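# What the coordinates show
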Amino acid sequence: MIEWFSYTQVAVAVVAGLLCVVLGLAGKVPNDLTMGATALVEVLLVVQLVVALVAPAFGNTPTGDPLEFWVYLVSAVLLPLAGGFWALIDRTRWSTVVLGAVCLAVAVMVYRMNVIWFVQLA
């Protein structure tokens, strides 16, 4: 992982999550803004996936359990896809809230991945 990139991911996911939750609770159905915000979170996760695959080859290895890190990363990559699929099928305001919850969950998961990668003592 790259530390500044993971903090950027957390910030983007929190902003996207809050945006979606507020718009959903205001009665807005999923639209380009909410789906786009969730898609941006997904794109950043795919970049993180590539970085996590390449980083160990350059000596940047996790200090914590690699299996735990990968379970978090794969789960985080799948969450926005599932939430976006839900929002495309169920076009209600609650789908927008679900998109927000997904983005907020991803923010927590990326923060935890950052802790696993950098803070754990081997």
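Our subject in this report is the structure included herewith. (Residues numbered from 1 in each chain as written. Predicted model: local features only at pLDDT ≥ 70, side-chain atom pairs only at ≥ 80, totals over all residues. Heavy atoms only, no water.)

## Remarks on the nonpolar core
Of all hydrophobic cores here, the largest spans 21 residues; its most connected members are V41, L45, F69, L73, V106, V110 and M113. Put simply, the parts of the chain that give this core at least two residues each are α1 (3-25), α2 (32-54), α3 (66-89) and α4 (93-118). Per element, the largest residue contribution to this core is eight residues, and it comes from α4. Ignoring any residue separated from it by four or fewer positions in sequence, one finds L73 in contact with L45, Q48, L49, A52 and M113. (Core = buried A, V, L, I, M, F, W, Y, C linked by side-chain atoms within 4.5 Å. Buried < 20%, exposed > 50% of the residue type's maximum accessible area, 1.4 Å probe, protein only. Helix = DSSP H or I, 4+ residues; strand = E, 2+ residues; numbered from the N terminus. Contact = heavy atoms within 4.5 Å.)

## Side note on the packing of aromatic side chains
Here a ring pair, both rings aromatic, is described through the centre-centre distance and the interplanar angle of the planes. Inspection of every chain in the model, using the stated rule, returns three aromatic pairs. Ring geometry for F69 versus W70: centroids 5.7 Å apart, planes at 90°, classification edge-to-face. Since its relative accessible area comes to 26%, W70 is described here as partly exposed. (Phe/Tyr/Trp six-rings, centres within 6.5 Å; stacked < 30°, edge-to-face > 60°.)

## Examining the side chain of E42
Within the element layout of this structure, E42 appears in helix α2. Ignoring any residue separated from it by four or fewer positions in sequence, one finds E42 in contact with A76, V77, P80 and L81.

## Considerations on the packing of α2 against α4
Where α2 contacts α4, the two axes come as close as 10 Å, and the packing angle between them is 20°. The orientation of α2 relative to α4 falls into the category roughly parallel. As for how α2 packs across α4, the hand of that crossing is left-handed. Here α2 contributes T34, M35, T38, V41, L45 and A52 to the contact with α4, which in turn contributes T96, L99, C103, V106, V110 and W117. Of the residues that constitute the contact of α2 with α4, the class distribution is nine nonpolar, three polar and no charged. (Axes fitted to C-alpha atoms, helices over the stretch in contact; angles between N-to-C directions. Parallel < 35°, antiparallel > 145°, perpendicular 65-115°, else oblique. Left-handed = near helix turned anticlockwise from the far one by under 90°. Nonpolar A, V, L, I, M, F, W, Y, C, P; charged D, E, K, R; others polar.)

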